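Coordinates in review
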Amino acid sequence: MNYALLLLAGNSKRFLQNTPKQFYLVKNKPIYFYPLKALNDSPLIDGIIILTLKEKVMDVFNYSKNQHFDKVRVVISGGNSRSETVKFGLSKLKEIAHDDDLVLIHDAARPLLDKTTIEIAIKETMNKGATTFALHSYDTLVKANNYIVASYLNRNEIFRLQTPQTFKFKIINDAYRSFKNSNDDTELVFLKNEKVHLLKGSERLFKITCFDDIKKFESYLK
């Protein structure tokens, strides 16, 4: 079985709007609608767990039902951080998932998830165990001390990680049981000495961070 955790529990402090970005309406639909629809429509996804803000749980549950997203198993409250939110999702998933089942974890703020991306993630992870989409960083990158360049990084070895990130359930669950916090799920898997395989990412998988990103999203929809 293949499951998805859709994360929409962030407070979007950098979005600078009264509405958290995942609930901002684009073409009369909240941003989380778009990745949720992609997951629900994918024949490779068997069930979806949504993690959201505590005060939004019933709203998201009712909206999912009204949109006939029948693969949504449950909508629950997320945590105070991304890693805590994922941990809550894995704990809930443990009730139904087996060790070799796959778990696709996706940020709702990356709304241009599509069928092909999901298909690649699932098929590659079946063999590799842990994957993430990533893009090469083409900018020159440096390390600095007190805003003075200390060293230059080899940009051929530098990647920007994206979601979805997909894992065999045992791999990601064991990683979260062993370590507490991280900004990225793959880091915890890496710390368990598991190989994390990079899949070719896309600019379409960009993350909405600030309000200007809404225009970028709208341009893709056109």
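One can find the structure itself at the top, above this paragraph.
For the structure given in this document, a descriptive report is provided here. Since this is a predicted model, take the numbers as computed values, not measurements.

With that out of the way, let us pick up the environment of Thr-132. For Thr-132, the position within the fold is in strand β7 (residues 130–136). Considering only alpha carbons, one finds Thr-132 and Ser-64, 68 residues apart in sequence, at a separation of 27 Å. Ignoring sequence-local partners within four residues, the contact set of Thr-132 consists of Leu-161, Gln-162, Pro-164, Gln-165, Thr-186, Val-196, His-197, Leu-198 and Leu-199. Separated by 2.9 Å, the side chain of Thr-132 and the backbone oxygen of Gln-162 make a polar contact.

The next point concerns the environment of Val-74. Structurally, Val-74 is set in strand β5 (residues 72–77). C-alpha separation for the pair Val-74 and Phe-61, spaced 13 residues apart in sequence, amounts to 7.6 Å. Aside from chain neighbours lying at most four places away, what touches Val-74 is Ile-48, Ile-49, Ile-50 and Lys-92.

Read from one edge of the open sheet, seven strands run β5-β4-β1-β6-β10-β7-β11, paired in mixed fashion. The strands lining the two open edges of the sheet, one partner per strand, are β5 and β11 (197–200). Between one strand axis and the next, the sheet turns through 25° on average, direction left out of account. As judged from the six bridges shared by strand β1 (residues 2–8) and strand β4 (residues 47–52), these two strands associate in the parallel manner. Bridging across to β4, Leu-7 finds its partner in Leu-51.

The rules we used
Residues numbered from 1 in each chain as written. Predicted model: local features only at pLDDT ≥ 70, side-chain atom pairs only at ≥ 80, totals over all residues. Heavy atoms only, no water. Helix = DSSP H or I, 4+ residues; strand = E, 2+ residues; numbered from the N terminus. Contact = heavy atoms within 4.5 Å. Polar contact = N/O pair within 3.5 Å; in protein donor to acceptor, adjacent residues only side chain to side chain. Pairing = 2+ DSSP bridges. Axes fitted to C-alpha atoms, helices over the stretch in contact; angles between N-to-C directions.

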